[in-house]
Each structure stands twice: as C-alpha cells, then as structure tokens.
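Architecture at a glance
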Amino acid sequence: MVKKDTGENPIPKSDKAKNVRIVLMIMILPVIITTVFGFKHFRHKKTNSYSNIELYTVKRGDLTISVIESGSIKSVKQVTIESSVEYRTTIVNIVPEGTTITQEDVNNGMVLIEMDSSELMDRLPQMEIDVASAETSFTEAKEKYDIQLKQNESDLNSARMKVKFALMDLQKYVGEDASQKILDQIKQNPSADIDMQVILEEITDSNTLCEASQKMLETTSNITMSHENLEKAKYNLEGKQKLFNHDYASENELNESRLQVKRQELDIEKIEISFDLFKKFEFPKQVEQLLSNYREAELGLERAESSARSNMSQAEVRRTSSESSLKTRKERLEKLKEQIAACTIKAPSPGQVVYYSSLERYVSFEIEQGSEVPRGYPLIVIPDTTKMKVEINVPETWINKIQVNQPAQIIVTAFPENVLTGKVLKKSPLANSQSSSLLADVKVYTTDVSIEGQHDFLRTGMTAKVEIIIDKLKNIIYVPIQSVIAEEGNKTRVCYLMTPHGPEKRIVRIGLFNDNFVEIKEGLDEGEKVLYAPPRWSEKELQEETESAGESETQKQDEPNEPAMPANPVEPAGQENSETEEIQKIIQKAIMEKSTSIEKGQ
C-alpha cells in the first residue's frame, strides 16, 4: 500500500527530484552490488537444507482491517481573508502570525491588516463634487419635467374645450340631429360636399330648435304678416276709393292708401328675397364655417397631444439622463468609499492568525509588510480551532473501502504520546494526481477525518498519522501479507507450505487485509507453517542441484591428483533471464522504499 506524507515541503519540485536522484544513486549503488553478488552466490550455494528458511505458523484469531495514511491538520471551518481592493496595493501594517483573536477583539473591531489607501483618498474630494453637481442637474431636470407635465395638461384641456365649443356652435346652429348627420358624412368621406338642401329639410321637417330653424320660422312669419298687411292695405284702398267717388275723401287720402299697398307689396318681395338669400348663401356659409371651426379644433387637439408627447419625451430624457448620471456618480463614490474601507481589514471571527503563504507551498510572494497584493489574493486564514480535522490522501485501491463515519485513530507527529479519536467526514469524488520522479500516475483521493474534542496543543499545518478502522474480523485464519503471491495474471493467489519434502505450493482464497496480514478464507488450516516469502527455486531444481553436487564429490574422490573445482551445475534454459528479472524486481523495490523514506525525511 502506498502511503503519502502530506507535510509541507518548501523545496521546489524540480530541485527536489534532482536531489532525490543523486542521493538514491549514492545510497542504493552499494545495495545493488551487494544484492547482485549475494544473490548469485546464494544461487550457487543451494543445497537440500531448509534450516535457513523463515517460516510462519498459520494462526486463528481477530484481525483489524485499517488504512494508515499521513496528512496535515486543518480546521473544519475557517475564515479566509482576501484583498478586495480592485488594484494592487501595498500592505502597510499586518498583525504578527500566530496572534490569537478573542471574541472581545472582534467586538472592538481589532484591525488585522492596513493597506495603502492614499491614492483613493486623493480621489475622494473630486468625486464628492461631481456627485453634488449631478444632484443639482437632476433637481433642475425634475422640476422642468413637472412644469412640462402641468403645461401639457393645460394645453390639452384648452384644445379639448375648443373642440367641445366648436361642436356646440354647430349643434346650436343646425341642431344635434343635423350636426350628427353632417359629422357622419364627413367621417365617411372627408372630401365630399354637404347637401345643404337635405339639411334645410331636416331642420324644417323636424322643427328643430336651432338658430337656423328659428330664423327660418321668423322669416316665414314676417312673410305671412306682410301678406296680411297687404290685404289690409288693399281693403283700405277700396274703401278710400269709394269715399273718393262720393266726395267723402280727398285725392291725397286715396293716393296715400295706394302708396300703403305698394309698400306692403315691396316688403313682401324684400322678405322673400332675403329668405331666398339665406337659404342659398347665408345658411350654407354658416354651416361650412362652423364645421370648419370644429374640424380645426380637432386638428388643434391632435397637435396639442403630439406636442405634449414630444415635450414630455424630451423632459423625460433630460430627467432620466440626469438621474442616471447622478446614480452612476453616487455608485462610484460609494464604491470608492468601500475601497477605502477595504484597505482596513478587521477581525471577522475569533481564532488564530495564519498567513496564507505559510499554508501553501508555492506562493507568488510572502505575506509581510511592504508586499504588494492583487485583488482577491488570500492574505490571512483564521481557522476555527474548536473543530479540527486531518486531511489525508487515500490511494485508489483503498478508497472504495472508506465510508463516512468510519472510526479512526490519530497520532500527531509532534505529540506521539497522545492518541486522538475521530471519524471520516467526507471523501473526494474525484482523484488527485500524485506524481514524482519515481512514482507517477498514482491516483489518490482527498479524505477528511475529524478530531473529536478540543486540544490546545493542536495547530493548523501539523502532521498527523491517521488509522481508519475499516472492519474488525473475528476468529479468522490469517497469514503475513508477503506470504501470499499472485499468479496467472493476478487471478490466482498461492502460498508456499512447508512439508517434510520441502516447500509446497498451495492455492488459497483471500479476504480482507491490512498492512501486515491477510485473511485466508480457504486453502490453509491453523497450525500449518508457510514461508514468509516464496522460494527462489523449485523442488525439481533443488533435487537436480543436490544430485549434481553428489556426483562432483564422488569424482573428486576418484581423481585425487586433479585440482579441486567448484561445482558448476547446468542451469535450466531461461534461468539467466529469470535471474535478471528477479534482480530488477529487487532493485526496483529497493529504489521505491528508499525514495519514500528520503522524501519523508526531507
């Protein structure tokens, strides 16, 4: 199982990899040489003796399945303070790292960071003047808008009254019915001529009470009276004539009676001519004039409405524009004040001050007095020390076995005597890529483990080792994990059982496992002895080697004069390749173990 130490390492990755390679070459080269020569010497020293093989007696008992990983202590909840000034600004003052913030400090507005605000303060007076000027312009535009609104209302009322009065004049002259007929005719065909004869008949037939009908009635009455007066004058003339004939009246009196008749005849003619002129000229003219006045009043109303809309639109644009300008300048002023206020960062919550640059391995600059920070850059982290956790990286081979609320034990590296308890809070659904110069493409999943209780000695960033309890197996058979090997493309698991005739391969079925032991469900019984590691030769090879050694000893006894030569058994085909592969595996394992130990040591 791959373990990852998540402690902070300030050495850049490229330099670290270079250093690791150099140290590995120096430290592993003697190991490789010793391993190669020792292995070859061991191969040529094989005998039928098994006294040096390390064995393990198969046991039955309880087994705890757990995952052990190292990680960093962090707070479950923390407040991150970032720079909200829109441009790069300089830190003028900052509280020392490690400062403890109490609730009283928060209530009193304790200042944590002060940044340079001189440039912003220089812009403040001019922006306040701009806002005052915009307020004056808006007030003026608003008043003009109100005035224009009232003026439009007055103009429209006047135009509507003109239309109403013009219609009333037309109705007064020809009557409501005749007026409606005229207006309907004009509405259907504005260019058509009005048939005045029809209008006269409408007035005469209906005896409408209007000026035109009144005048016609008056004229007709005058004609009737004139005819009566004429008859009366003729009757007087006849009487005067009779009196004149009997010498009872003078000739002057007779002539006066004749003149009276003539006058009455002339009056009748005059009235009739005047009536004809009224019907032919005066009446049509008056109707057309009144109709024209009405239509002109309607056009005047339309012009007033259009003018009102135009004036209101202009007044609305001026008012909206000045209001928008005022709003924009106020927002700029408020934003400037917010930026000035953002230059002073106060304590938001109790806790301990931790610089962001102390938490991150790779940062652009250190958080300190005089540093320039861009907008949104984290400055201070205030962890909530009442609830702490350990953040570890679990390899993908174990992540499916990790579940939320699983119990865990935590040992802080700086305080190994204190064993803390906790449980799994959450695990990341996506893998992180952990790579180095020797181990690449190892997928790990970030997992959070809580720390129960409050502990004054805990600090953010400390290293801790976490053991997550996956399961506790009861009364099972188990063997060391290195005693089980995979064969046939990782499909079959086997152990080597020690018998009176030597190692014997045994197929087994395994269950859960931890760093040291693996559960055996089938294939082994309690009390049997298994090899800690698989043998480096087969039983057949060992027998052939023993027989070859016996023949060599007999030959030396038969030929005493020949110099003694070491046994040189014939190795089976492919033995050289197998030996090379075995050496390579040993070297690779040594390099990986040494790399891990060096990285943790750094």
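In case you missed it, the structure is sitting above this.
Not measured: the values here are computed from a predicted model.

Here the focus is the packing of helix α3 (residues 118-174) against helix α7 (residues 251-342). Orientation of α3 relative to α7, taken along the N-to-C sense of each, is 165°, at an axis distance of 7 Å. The angle between α3 and α7 places the two elements in the roughly antiparallel class. Seen from above, α3 lies across α7 with left-handed handedness. Tallied by class, the residues present in the contact of α3 with α7 amount to 34 nonpolar, 11 polar and 20 charged.

Between α3 and helix α4 (residues 176-188), the shortest axis-to-axis distance is 7 Å and the interhelical angle comes to 120°. When the interaxial angle is binned, α3 and α4 end up oblique. You can see that α3 and α4 cross each other, and the crossing is right-handed. Residues Leu167, Leu170, Gln171 and Val174 of α3 lie in contact with α4, whose contacting residues are Glu176, Ala178, Ser179, Ile182 and Leu183. Partitioning the contact of α3 with α4 into residue classes produces 6 nonpolar, 2 polar and 1 charged.

Right, let's get into the pairing of strand β16 (residues 442-451). In terms of residue burial, β16 counts as a mostly covered element, since 9 of its 10 residues are buried. Sheet topology note: the strand β12 (residues 388-395)/β16 ladder contains 8 bridges and is antiparallel. The residue of β16 that forms the bridge with Lys389 is Ser450. When strand β14 (residues 415-427) meets β16, the two strands line up antiparallel, connected through 3 bridges. If you follow Val424 over to β16, its bridge partner there is Val449.

The next thing to look at is the nonpolar core. Counting residues in each nonpolar core, the largest one holds 40 residues, and the members touching the most others are Ile73 and Leu524. Setting aside residues up to four positions removed in sequence, Ile73 forms contacts with Met388, Lys389, Val390, Val412, Ile451, Leu458, Arg459, Thr460, Gly461, Met462 and Ala464. Counting 33 residues, the second-largest nonpolar core is a separate cluster that includes Ile94, Val95, Leu120 and Tyr377.

Okay, α4 next. Taking 1.5 Å of rise per residue, 13 residues should cover 18 Å, and α4 covers 18 Å from first to last C-alpha, within 8% of that figure. When α4 is considered as a whole, its buried residues turn out to be Ala178, Ser179, Ile182, Leu183 and Ile186. End-on, the buried residues of α4 take up no more than an arc of 135°, which puts them together on one face. Turned more than 90 degrees away from the buried face of α4 sit Glu176, Asp177, Lys187 and Gln188, all of them exposed.

Taken in spatial order, the 3 strands of this open sheet run β3-β11-β9, and their pairing is antiparallel. The sheet terminates laterally at β3 (78-82) and β9 (354-355), the two strands that pair on one side only. For β9 and strand β11 (residues 378-383), the ladder comprises 2 bridges, and the chain directions are antiparallel. Across the sheet, the residue bridging to Val354 is Val381, located in β11.

Quick notes on the rules
- Per chain, residues are indexed from 1 in the order of the written sequence.
- With the structure being a predicted model, the display of local features is reserved for residues of pLDDT at least 70 and the display and counting of side-chain atom pairs for 80 or more, all residues being used for whole-chain, interface and lining totals.
- Calculated side-chain values reflect all of the structure's heavy atoms, with hydrogen atoms and water omitted.
- Here, axes are lines fitted to C-alpha atoms. For helices the fit covers the stretch in contact, and angles between N-to-C directions go from 0 to 180 degrees.
- Helix and strand labels come from DSSP, where a helix needs a run of H or I of at least four residues and a strand needs a run of E of at least two; each type is numbered from the N terminus.
- Orientation is classified from the angle alone, with under 35 degrees giving roughly parallel, over 145 giving roughly antiparallel, 65 to 115 giving roughly perpendicular, and any other angle giving oblique.
- Here a crossing is called left-handed whenever its near helix is offset anticlockwise from the far helix by less than a right angle, and right-handed whenever the offset is clockwise.
- Amino acids are sorted into nonpolar (Ala, Val, Leu, Ile, Met, Phe, Trp, Tyr, Cys and Pro), charged (Asp, Glu, Lys and Arg) and polar (every other residue, Gly among them).
- Residues are treated as being in contact if the distance between any of their heavy atoms lies within 4.5 Å.
- Three labels apply to residues, based on accessible area from a 1.4 Å probe with only protein chains included: buried if under 20% of the type maximum, exposed if over 50%, partly exposed otherwise in between.
- Strand pairing is assigned whenever DSSP detects at least two bridges linking the two strands.
- Throughout this description, the term nonpolar core refers to a set of buried Ala, Val, Leu, Ile, Met, Phe, Trp, Tyr and Cys residues connected via side-chain atoms within 4.5 Å.
- Any helix carries an expected span of 1.5 Å times its number of residues minus one.
- Throughout, the arc means the angular range of directions from the helix axis out to the C-beta atoms.

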